[in-house]
Amino acid sequence: MADGRRRTDPAIAGARCWQGAERCSGELFALTYGALVRQILRDREDDVDATNAALERVGRSMGTRIVEEYLSRTGAGARACRSFEDACEAVAKTALKMFLGVDARTRDWSEDVDECVIEMDTNPLAEFVELPKRYEGLCYCNALCGAIRGALEAVRVRTTCAFESDPLAGNGDKFAIRIKLVEIVPEEYPFDD
Amino acid sequence: MSTTTPVAGVAHAVDARALGACAASAMAPGRITSVWVINKSGGLIYHRAFDAVDGRGETHAMRLDANATLRLASVWHSMHAIARKVSPTRGCVGIESVECDTFDLYCFQAETGTKIVMTTTKGTVDARGTLRRAHQAFYAYALQNPFYEMEMPVRCELFDAEIANVVRSVNERT
């Protein structure tokens, strides 16, 4: 995009994309995700840690794919996601709204601007869910963390992502994801090696 | 006086015809002759050539064998990267178009590094809009296909059909 072009407010961009998007029923979505988690748990023989890792992987490969849709639909140009701050704002205000219809915001920025918390008002993945005692350590929505990580990695922002508060696990009353910058990967040139 | 007027008139008429021809070729709609998708490491993952008939009824077709297309895609990837590197100002997005005497080439690179390239015959074409539609087709029908493996050649029927749609909408406009 041209330098002079005024940037749209990320929240407005997100709402606009959400308006125009093709949607599926929230119940169907929640149940499908639930079935997926259940199946992964069964495949891993109720090993909670392995399931968390598997959900992360599923999310990551979704993230690396949907980022292309995000870039195209928002018309985000070459300067999108150049800084970690921009990237987090884009995830919280635009991407979560655009793909899940969730209102979210960033808070608790660290002093060096390399860490923040994305707080979500609602979480359609976790509708109708109650975790039994034996799955205490299960990070039910870990695919979401994976998706954020995968999407940011595709635009060369390497991060770590984990739930800071997860009402399903009984901590906090809102879903919040702590996201931490590892590095912004410099561009690779084919003639540099 | 009476001898110069017709001469001037003829000259004028010739000029007008030349101008008209120029204007016609400049304003004629450009036709897409090929669409390429190049992944972020310079590998060609999709290539399709189209026969396009221009305003004068001439058929344009790109005749390249598979190896040549692979090689060219990788060369284009490097050229694009070099352009970004030699840019005197920061934030260069690379080569967006190349104008040749017989065809034009347009390129769009998404922030993820995927490039969509198309070649057209000379003439007007909404390059940005068309490349954007091709990119939309790419994420909607290739990336969202669970059987499509990232960075691998695209063999998705729906993607093929959608690209054909985009090209048809450009090539059949008058």
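Residues numbered from 1 in each chain as written. Chains lettered and ligands numbered in written order. Predicted model: local features only at pLDDT ≥ 70, side-chain atom pairs only at ≥ 80, totals over all residues. Heavy atoms only, no water.

- Chain B goes by Trafficking protein particle complex subunit in an unreviewed UniProt entry, where it is assigned to Ostreococcus tauri.
- Quoted verbatim from the Subunit (unreviewed entry) field of UniProt, the annotation for chain B is "Part of the multisubunit transport protein particle (TRAPP) complex." (UniProt positions renumbered as here; feature names shortened; annotations may be inferred.)

- The name given to chain A in an unreviewed UniProt entry is Trafficking protein particle complex subunit, with Ostreococcus tauri as the source organism.
- What UniProt states about chain A under its Function (unreviewed entry) heading is, verbatim, "May play a role in vesicular transport from endoplasmic reticulum to Golgi."

## Some thoughts on the pattern of salt bridges
Residue and element names in this part refer to chain A.
Thought 1: Taken as a whole and assessed by the stated rule, the structure comprises 19 salt bridges over all chains.
Thought 2: Here Arg107 makes a salt bridge to Asp108, at a shortest N to O gap of 2.8 Å.
Thought 3: Judged by its relative accessible area of 44%, Asp108 falls in the partly exposed class.
Thought 4: In this structure, the salt-bridge partner of Arg178 is Glu115, at a minimum N-O distance of 2.7 Å. Here Glu115 lies in strand S2 (residues 115–120) and Arg178 lies in strand S4 (residues 171–184), a separation of 63 residues in the sequence.
Thought 5: Shared partners join several salt bridges into a network, and the residues in it are Arg105, Arg107, Asp108, Glu119, Asp121 and Lys174. (Salt bridge = Lys/Arg side-chain N within 4 Å of Asp/Glu carboxyl O. Buried < 20%, exposed > 50% of the residue type's maximum accessible area, 1.4 Å probe, protein only. Helix = DSSP H or I, 4+ residues; strand = E, 2+ residues; numbered from the N terminus.)

## Considerations on a negative patch on the surface
Thought 1: Together, Asp43, Glu45, Asp47 and Asp49 of chain A make up a negatively charged patch on the protein surface.
Thought 2: Owing to a relative accessible area of 71%, Glu45 of chain A belongs among the exposed residues under this scheme. (Patch = residues over 30% accessible without salt bridge, like charges linked within 9 Å, V, L, I, M, F, W, Y side chains within 5 Å. Areas by Shrake-Rupley, 256 points an atom, 1.4 Å probe, with all protein chains shown as cover. Lys, Arg positive; Asp, Glu negative; His and termini not counted. Charge placed at Lys NZ, Arg CZ, Asp CG, Glu CD.)

## Details of the pairing of strand S1 (residues 104–107) of chain A
Residue and element names in this part refer to chain A.
Thought 1: Residues Ala104 and Thr106 line the buried face of S1, whereas the alternating positions Arg105 and Arg107 sit on a face that is not buried.
Thought 2: Looking at chain direction, S1 and S2 are connected through four bridges and run antiparallel. In the sheet register, Thr106 faces S2, and the bridge partner there is Ile118. (Pairing = 2+ DSSP bridges.)

## A word on the nonpolar core
Residues and elements named next belong to chain A.
Thought 1: Judged by nonpolar contacts, the single largest core of 49 residues is most densely connected at Leu96, Met120, Tyr140, Leu144, Phe163, Ile177 and Ile179.
Thought 2: The set of elements that each furnish at least two residues to this core consists of helix H2 (26–43), helix H3 (48–74), helix H4 (84–100), S2, helix H5 (142–154), strand S3 (157–166) and S4.
Thought 3: Examining the composition of this core, we find that ten residues originate from one element, H4, more than from any other.
Thought 4: Ignoring anything within four residues of it in the chain, the contact list for Met120 reads Leu96, Val102, Asp103, Ala104, Leu144, Lys174, Phe175 and Ile177. (Core = buried A, V, L, I, M, F, W, Y, C linked by side-chain atoms within 4.5 Å. Contact = heavy atoms within 4.5 Å.)

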